[in-house]
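These are the residues of each chain, in order.
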Amino acid sequence: DQQVKQNSPSLRVQEGRISILNCDYTNSMFDYFLWYKKYPAEGPTFLISISSIKDKNEDGRFTVFLNKSAKHLSLHIVPSQPGDSAVYFCAASGSSGSARQLTFGSGTQLTVLP
Amino acid sequence: ETGVTQTPRHLVMGMTNKKSLKCEQHLGHNAMYWYKQSAKKPLELMFVYSLEERVENNSVPSRFSPECPNSSHLFLHLHTLQPEDSALYLCASSQASGQGGEQFFGPGTRLTVL
């Protein structure tokens, strides 16, 4: 059973508009959430994260919102640019032993149309 | 070299071959990870090494054998693989005591088993 779910496999947005990517999780022990971006033929690149003690974190055009009661987080990109077209992975982390481990969603392919 | 590097980038092997994937991190981290990414599926954590000791083995078949000789290098030895093992294999590193578990990924090795 997937503990981190991204229910939208793809999203198409016009350049300049807002992109909203969603993620749901089931494990209440997760205490840190991350978003990664992946281009073809490259490894995932860290984008932004949020601790479970916060409900919002902003970095430039990227904002992550966390709703703990709903076990839901979202990534907002505004304004969207064609270079943002990539696969976006949501990941969750909980302390486990001597190294934190990440549980990933299946990804959402974002396409920003010029 | 900077970040996390992986060699080779592409590998084609027969089911009776033995090969090894190599990962090197130049970030001063002390935890390293192997992931498998199959099409349309979440990244699957295979192995975790923290301070050069294996701390996680997620029910990975014995035809995959990891090795971590020091905190900067990680290998994945492959033998008698099956066609369903064809996937993108990603290496990542992090600080084991890092607050949020942010991991830095290499570009991956695209493996094809014939």
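A short tour of the structure in this document, coming up. Since we're looking at a predicted model, the values are computed, not measured. (Residues numbered from 1 in each chain as written. Chains lettered and ligands numbered in written order. Predicted model: local features only at pLDDT ≥ 70, side-chain atom pairs only at ≥ 80, totals over all residues. Heavy atoms only, no water.)

With that out of the way, let us pick up the overall build of chain A. Scanning chain A from terminus to terminus reveals 0 helices and 11 strands. Helices and strands appear in chain A in the N-to-C order β-β-β-β-β-β-β-β-β-β-β. Relative to its length of 114 residues, chain A is compact, with a C-alpha radius of gyration of 14 Å against a globular reference of 13 Å. With the C-alpha coordinates of chain A rotated into their principal frame, the extents come out at 45 × 30 × 25 Å. (Helix = DSSP H or I, 4+ residues; strand = E, 2+ residues; numbered from the N terminus. Rg over C-alpha atoms; globule rule 2.2 N^0.38 Å.)

Moving on: the overall build of chain B. The number of helices and strands found in chain B is 0 helices and 11 strands. For chain B, the N- to C-terminal ordering of α and β elements is β-β-β-β-β-β-β-β-β-β-β. Rg of the C-alpha trace for chain B: 13 Å, near the compact-globule value of 13 Å for 114 residues, within the 12% margin. Along the first, second and third principal axes, the C-alpha set of chain B runs to 40 × 30 × 30 Å. Of all 114 residues assigned to chain B, the portion counted as buried reaches 48%. In chain B, once contacts between residues fewer than 6 apart in sequence are set aside, the share between residues at least 24 apart is 54%. (Buried < 20%, exposed > 50% of the residue type's maximum accessible area, 1.4 Å probe, protein only. Contact = heavy atoms within 4.5 Å.)

Another point: the sheet that holds strand 3 (residues 19-25) of chain A. Pairing is antiparallel in the open sheet, where 5 strands are placed in the order 1-3-8-7-6 (chain A). Among the strands making up the open sheet, the edge pair consists of strand 1 (4-5) and strand 6 (56-59) of chain A. (Pairing = 2+ DSSP bridges.)

As a further point, take the environment of B:Gly28. Here B:Gly28 is to be found in the loop between strand 3 (18-25) and strand 4 (31-37). Each C-alpha atom, one on B:Gly28 and one on B:Ser59, is 28 Å from the other, the two residues being 31 residues apart in sequence.

Quick look at the side chain of B:His29 now. Residues and elements named next belong to chain B. By the element assignment, His29 lies in the loop between strand 3 and strand 4. Residue class for His29 comes out buried when judged on its relative accessible area of 9%. Of the polar contacts made by the side chain of His29, one reaches the backbone nitrogen of Ser94; its length is 3.3 Å. When sequence neighbours within four positions are dropped, the list of residues in contact with His29 reads Ser71, Ser93, Ser94, Gln95 and Phe104. (Polar contact = N/O pair within 3.5 Å; in protein donor to acceptor, adjacent residues only side chain to side chain.)

Counting from both sides, the interface comprises 20 residues of chain A and, opposite them, 26 residues of chain B. Each partner contributes to the roughly 1,800 Å² buried at the junction of chain A and chain B, and carbon and sulfur atoms together form 57% of this total. The tally of links between chain A and chain B comes to 0 salt bridges. Joining chain A to chain B, the criterion identifies 2 residue pairs in polar contact (both at pLDDT 80 or more). Mapped onto the side of chain A that touches chain B, the elements with two or more residues apiece are strand 4 (32-38), strand 9 (86-94) and strand 10 (101-104) of chain A. (Buried area = accessible area lost by both parts, 1.4 Å probe. Salt bridge = Lys/Arg side-chain N within 4 Å of Asp/Glu carboxyl O.)

What follows deals with the packing of aromatic side chains. Residues and elements named next belong to chain A. Summed over all chains, the structure comprises 12 aromatic pairs over all chains. Aromatic pair Phe30 and Phe33: ring centres 6.5 Å apart, planes at 80°, arrangement edge-to-face. Accessibility assignment for this pair places Phe30 and Phe33 in one class, buried. Centre to centre, the rings of Tyr36 and Phe46 are 5.9 Å apart; their planes meet at 75°, and the pair counts as edge-to-face. One end of the pair, Tyr36, is in strand 4; the other, Phe46, is in strand 5 (residues 45-51), and 10 residues separate them in sequence. The exposure class of Phe46 is partly exposed, given its relative accessible area of 25%. (Phe/Tyr/Trp six-rings, centres within 6.5 Å; stacked < 30°, edge-to-face > 60°.)

Right, let's talk about the sheet that holds strand 8 (residues 73-79) of chain B for a bit. All names here are of chain B. Within the open sheet, the 4 strands sit side by side as 1-3-8-7. Their pairing is antiparallel. With one partner strand each, in any of the chains shown, strand 1 (4-7) and strand 7 (64-70) form the two edges of the open sheet. Taken over all neighbouring pairs, the strand axes of this sheet differ in orientation by 20° on average, direction set aside. Pairing of strand 1 with strand 3 involves 4 bridges; the strand directions are antiparallel. (Axes fitted to C-alpha atoms, helices over the stretch in contact; angles between N-to-C directions.)

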